[in-house]
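Coordinate analysis (summary)
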Amino acid sequence: MPFRQNSSSLIRSVDELPDVFAERLHNQRPMRLVALPPIDKPLPDEQTDEFLDALEVAHATDEKHLADSAALDPTDSEYAQKEIDLERALKDRVRAELGLPERQTEENPSLAAHARNHGISPDYILPERSESPEDGRHDDADIQTLLLPERLDRVGRSLHDRGHAFERETGVNVLHAVFGILEWNEPGSSRTPARSPLLLLEVRMSRKKAPGGAEYHICGENELGLNTTLAQTLSAQFGLELPAYEEGSVEDYLAAVADLAPSGWQWSVRREALVGVFPSSRIAMYRDLDPDNGHVVESPLIETMLSSVGGEGTTYAEVYDTDHPDVESRVPRLVMDADASQFSSLVDVANGTNVAIEGPPGSGKSQTIVNLIASAMADGKKVLFVAEKLTALDVVRNRLDAAGLGEFILPLQAGRGSRDAVFQSLEDRLMMERPPSGSAEAHRARHEALTRRRLEIQAYLDMLGTRPGACGMTVHEAVGRAIATAQHIDGLPRDIRRLRIAAPETLDKETRTEIDGDARMVVDRLDGADRIAALWREARSAPLRADEAEDIAADLTALARAIEAFRSEAEESPLHAFLPDDPVQACAAPTRAALAAIVGNTDTDADLVDRLLDADMRRAAFDVCEARDAAKAAEAVLAEILSDRDTDDVDDTITSAAEMASRNDGSIDPDAMSAEIERHDARRATLTHLRDLATALPARWAKISEDEGLTLSDLRLDIERLLRAPEAVLSRRQPDEARLVPTTAREAAASQRALAGERDTIRQRLPRAGTHAPTDLKTAAEAIDEAGLFRFLSRRYKAAWPLYRKTLGRDPKAGRPAAASALRDYARWAEKRDAFGSDTRLATHLGALFKGVDSDPELLDALASFYETIGQLSQGDDRLRYALETGSLQPLREFVAEAAMPSTSISGLVSDVDAAEKKLEAACDERETAARLCLSFKGRSTLDQEMIERARPRKRPRSQARSPSLVPMAMIRKRPFTRWPVACRISTMPPAAPRGSSTRRASCAPSLRSRREGSSR
């Protein structure tokens, strides 16, 4: 047991009673490790009345104190500290006068004297029960140590970390409380007497935060028992048997061992108690491998494991066809995925074969173990799973828990195999509910369905690989060709896409090539069809011979010439005025009827006909007919269109309707106007929503953006840049009044990257470097560097070399100088790592984002960028900066979430809202007017320009009808007007228009008709 001055592997207690100490831990009641009071803490003897009275007298009589006090300058910046120093010097002189012990200082303190000054016994030999004071200090839950607070924190952290690291690596808890130290040496030995613990109690240490710093608590686990390693050593080497410890007084057992002192031996029992790291798990392995135990050498399993493979066969097991029914039936139950090699291992185990499974990390060894355990449990077997490292046990256990088998596990590793843990595990198993009835049948049905589906998939795969007929392609290749050409086929007409080739599987490659050539030839011919004249493309039947086509072409040429001659003759005829523009294209019936009326009517006035050949005469007659007919038509139209045609405001109503129709693309549609109102209302609502989003932003930001002329789009880009920070940064926001966060974050990120880079360099020599304590590394480096020829006998070297080789994963062939150098470099890095991780300045400014060397540098850079962005956006405005650092981000997120943000300022947006409201009001008024006008037009739902125009000329036709002298009728007739009918109708014989003007195709034209065919007008 190392009792070095600065040992970090154990903590010795003082001023405690062994029986009380052991009984409390054995009953699993936690106890706290307590340090000595700080050096600068006031001493108890300075609070007594005697000391205070003497100090009061000294203030008035001590000449040195009076002189030094008078020499102090109140204006001096160090006045307060100097006054405190004078007071302390006076107290020290009073202590000397009263004969009190010397006060300890931080320069070179005596811990024993410091403890006595505070009423604590500094002796490591624990007091007897009879020596216990009456203040109850020995019955509390504190364990007094002889360490100052800083030292206790360092040693406690080292013990805590080492214990947890050892447990993570091996699954064994090495932290123990020791009661009693046996100091012994055999007769005639010149070595230093050995110090060995007598009674050991496994404990668990926890570290808790407290206002005064970290506190360390220990709690007992399992049973208090004899140090089996010491007992085995004394028994095997010297034939001495230590008495067995049975539950009882620790004091009595220590006395019994002291009475056992062999003759000639240096043998003494020290009544001490301490907490430290004591690895003792290998004693069980030592006993298991004892040759005197026949179960080891006679075990056939051990014999098989230690024997060579032998024979000429391969050393690797066979990989079976996992889909074969016979193979699959050997392992019918799996709880995790298994590939062919893993499944084959399960089959070998099921067949009773002893196997050793090896493979690199990630190859599925733990999955195979989980499946092995589950299969054995399904067969009603018990499984003991052991591993050198706790991590392997945890991986398998977690996967069994995920598979629903956690209640069947009984953990036996350190911290989990205690008495209470065993009882709790048994209780959980007894309280398990049986699965619902029918679950086994349901599982069997699902398994059969899975098997059928797998067979179907396999059949499908086999089918894809077949080559049907003589085509020479597999089904997979054919489907791939079809998918590749689908985009071309989809663009073809439906009839072509639906063409089917009979028996395509019989087409070999040569046949397919021939078909492809024929198709290309047809395409080429179809492309040439565009050059054929349109005449032939419109023919209903194609000519059979070339001479037949020639005759048809000659006949069509003659017909074309005859048509041109007829058009010329009609143009030059005196009846040209009565003929349509194109007599060939026009309908011949109206023309034929007009000519027949002239020629066949005996009452026809030839002079009148002759006069009507004059264009002016025809136009005058036409106008008279049109005026009379228009008057009556106007009355009819108004009666048909308007609700009340005789009111005084009819003209105003028609005029208003015409103006509104001209404003609305020739129509009045109240429903369409309602839709327009909805559009205006939607725009007003959208602009109002955008205005509300903009006004919800920090007021100072709106003011700055208005002054800078920023648009809403610019604001959105700025907010997006701000919210681009990770959520971890956004959730960490806090005021940065000193403007130190960006600099601190970038400094921390740079330091982390530098430490990570150094760690990567160190890991080239020490692959597992990262979390070890620098003190352990320095100790190991010194032990390796100072080891000599007999280093294999040195306990320090035995502890240091495995740390270098196994824990840190370095090549054992490396030399000791290189190993010591690597450990020192690692220790220096670990010191920088610890200093970096304990930097309170970084932790204060960066909060939860700072995790020492495990910090995310990208996140720290993002934090710095975030605060720099705030500084840029705030433009020196402290109120805006504070709002962005502490205010709610929800208005900003809602502003950014708006997809359409106009390129206008906030004031411009407010103006747009006002304009939209005015447009909405105008549209509502327009719609109300439109509805009133529609009611005036006999309640129609819509009005169009044509209907309004039909109503507008109603007065003009009436006035024209009252003034028949508008046209000099004597110019066009000799007889009474009633003998010559003039009809108002649509005619193919319009009045001749002036040269250069267009002909009116739909007009009222005069026509000579028989009086017997209709009444005269």
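Residues numbered from 1 in each chain as written. Predicted model: local features only at pLDDT ≥ 70, side-chain atom pairs only at ≥ 80, totals over all residues. Heavy atoms only, no water.

The name an unreviewed UniProt entry gives the chain is Part of AAA domain-containing protein, with Poseidonocella sedimentorum as the organism.

**A few points about the overall build of the chain**
A tally of regular secondary structure across the chain gives 42 helices and 10 strands. Burial analysis of the chain (1017 residues in total) assigns 32% to the buried set. Pairs at least 24 residues apart make up 70% of the contacts formed inside the chain by residues separated by at least 6 positions. Surface summary for the chain: the accessible area is close to 62200 Å², and the carbon and sulfur share equals 53%. (Helix = DSSP H or I, 4+ residues; strand = E, 2+ residues; numbered from the N terminus. Buried < 20%, exposed > 50% of the residue type's maximum accessible area, 1.4 Å probe, protein only. Contact = heavy atoms within 4.5 Å. Areas by Shrake-Rupley, 256 points an atom, 1.4 Å probe, with all protein chains shown as cover.)

**Points about helix α29 (residues 699-708)**
Taken together, the buried positions of α29 are occupied by Trp 701, Ile 704 and Ser 705. Projected down its long axis, α29 shows its buried positions confined to an angular sector of 100 degrees, all on one face. The outward face of α29, more than 90 degrees from its buried face, is lined by the exposed residues Ala 699 and Asp 707. Where α29 is buried, its residues meet α30 (712-723), α37 (857-874), α38 (878-886), α39 (890-897) and α40 (906-936). Directly beyond the C-terminal end of α29, a positive phi value near 75 degrees is found at Gly 709. (Arc of directions from axis to C-beta.)

**Re the pairing of strand β5 (residues 194-210)**
Both strand β4 (residues 175-185) and β5 contribute to a ladder of 8 bridges, which runs antiparallel. The partner of Leu 182 across the bridge, within β5, is Ser 196. With 2 bridges joining them, β5 and strand β7 (residues 225-226) adopt antiparallel strand pairing. Across the sheet, Leu 199 pairs through a bridge with Leu 226, a residue of β7. Pairing analysis gives 8 bridges linking β5 to strand β6 (residues 213-220), with the strands arranged antiparallel. Residue pairing in the sheet places Lys 208 in a bridge with Glu 215 of β6. Counting the residues that bridge the hairpin from β5 to β6 gives 2 residues. (Pairing = 2+ DSSP bridges.)

**Some words on a negative patch on the surface**
Together, Asp 40, Glu 106, Glu 107 and Glu 150 make up a region of like negative charge exposed at the surface. Following the sequence through the fold, Asp 40 ends up in the loop between β2 (31-34) and α2 (49-61). (Patch = residues over 30% accessible without salt bridge, like charges linked within 9 Å, V, L, I, M, F, W, Y side chains within 5 Å. Salt bridge = Lys/Arg side-chain N within 4 Å of Asp/Glu carboxyl O. Lys, Arg positive; Asp, Glu negative; His and termini not counted. Charge placed at Lys NZ, Arg CZ, Asp CG, Glu CD.)

**Brief notes about the packing of α2 against helix α4 (residues 79-98)**
The interhelical angle for the contact between α2 and α4, taken along N-to-C directions, is 120 degrees, at an axis separation of 10 Å. Judged by the angle between their axes, α2 and α4 are oblique. The two elements α2 and α4 cross, and the hand of that crossing is right-handed. Each of Glu 50, Phe 51, Ala 54, Leu 55, Ala 58 and His 59 in α2 lies in contact with α4, whose residues at this interface are Glu 87, Leu 90, Lys 91, Val 94, Arg 95 and Leu 98. (Axes fitted to C-alpha atoms, helices over the stretch in contact; angles between N-to-C directions. Parallel < 35°, antiparallel > 145°, perpendicular 65-115°, else oblique. Left-handed = near helix turned anticlockwise from the far one by under 90°.)

**Examining a positive patch on the surface**
A cluster of like positive charges, contributed by Arg 494, Arg 497, Arg 498 and Arg 500, occupies part of the molecular surface. Positionally, Arg 494 belongs in helix α20 (residues 494-497).

**A closer look at the pattern of salt bridges**
For side chains of opposite charge, pairing can occur when their charged atoms come near one another. Counted under the stated rule, the structure contains 41 salt bridges. With a shortest N-O distance of 3.2 Å, Arg 93 and Asp 62 are connected by a salt bridge. Note that Arg 93 is positioned in helix α4 and Asp 62 in the loop between α2 and α3 (63-70), a separation of 31 residues in sequence. Residue classification places Asp 62 among the buried residues on the basis of a relative accessible area of 13%. Measuring nitrogen to oxygen at the nearest pair gives 3.3 Å for the salt bridge that ties Arg 893 to Glu 727. Of the two residues, Arg 893 is situated in helix α39 and Glu 727 in helix α31 (residues 727-730); the sequence distance between them amounts to 166 residues. Classification of Arg 893 by relative accessible area gives partly exposed; the value is 31%.

**Re the pairing of strand β8 (residues 266-277)**
Consecutive residues of a regular strand have side chains that alternate between opposite faces of the sheet. Pairing analysis gives 3 bridges linking strand β1 (residues 10-12) to β8, with the strands arranged antiparallel. The residue of β8 that forms the bridge with Arg 12 is Leu 274.

**Focus on unusual backbone geometry**
Positioned with a positive phi, Asp 15 is a non-glycine residue whose angle comes to about 55 degrees. For Asp 15, the position within the fold is in the loop between β1 and α1 (18-26).

**Describing the environment of Val 94**
Relative to the elements of secondary structure, Val 94 occurs in helix α4. Residue classification places Val 94 among the buried residues on the basis of a relative accessible area of 1%. It is 9.7 Å that separates the C-alpha atoms of Val 94 and Glu 46, two residues lying 48 residues apart in sequence. Sequence-distant contacts of Val 94, defined by excluding residues within four places in its chain, comprise Phe 51, Ala 54, Leu 55 and Ala 58.

**With respect to α4**
With 20 residues, α4 extends 29 Å between its outermost C-alpha atoms, agreeing within 8% with the 28 Å of an ideal straight helix rising 1.5 Å per residue. Of all the positions in α4, only Leu 86, Leu 90, Val 94 and Arg 95 are classed as buried. In this fold, the buried residues of α4 make contact with α2, α3 and α5 (111-117). Of the residues one or two after α4, Gly 99 is the one with positive phi, at around 75 degrees. (Expected span 1.5 Å × (residues − 1).)

**Let's talk about the side chain of Asn 371**
You can see Asn 371 is positioned in helix α14 (residues 365-378). For Asn 371, a relative accessible area of 1% translates into the label buried. The residues contacting Asn 371, other than those within four sequence positions of it, are Leu 334, Val 335, Met 336, Asp 337, Ala 338 and Leu 346.

**Details of the confidence of the model for the chain**
When pLDDT is averaged along the chain, the result is 78, and 82% of the positions lie at 70 or above. Mean pLDDT values over the elements of the chain span from 46, in helix α42 (residues 955-962), up to 93, in β2. (pLDDT = per-residue confidence, 0-100.)

**Concerning the nonpolar core**
If you look at the biggest cluster of nonpolar residues, it comprises 68 residues, and the most contacted ones within it are Leu 766, Ile 784, Leu 823, Leu 892 and Phe 895. Phe 21, Ala 22, Ala 194 and Val 257 belong to the second largest nonpolar core, which has 42 residues in total. (Core = buried A, V, L, I, M, F, W, Y, C linked by side-chain atoms within 4.5 Å.)

**So, the environment of Ala 478**
If you trace the backbone, Ala 478 turns up in helix α18 (residues 475-484). When the C-alpha atoms of Ala 478 and Arg 467 are compared, they prove to be 9.5 Å apart, with 11 residues separating the residues in sequence.

**Things to note about a nonpolar patch on the surface**
Residues Leu 384, Val 386, Leu 410 and Leu 412 make up a contiguous nonpolar surface patch of roughly 430 Å² in combined accessible area. With respect to the helices, strands and loops of the structure, Leu 412 is situated in the loop between α15 (390-402) and α16 (419-430).

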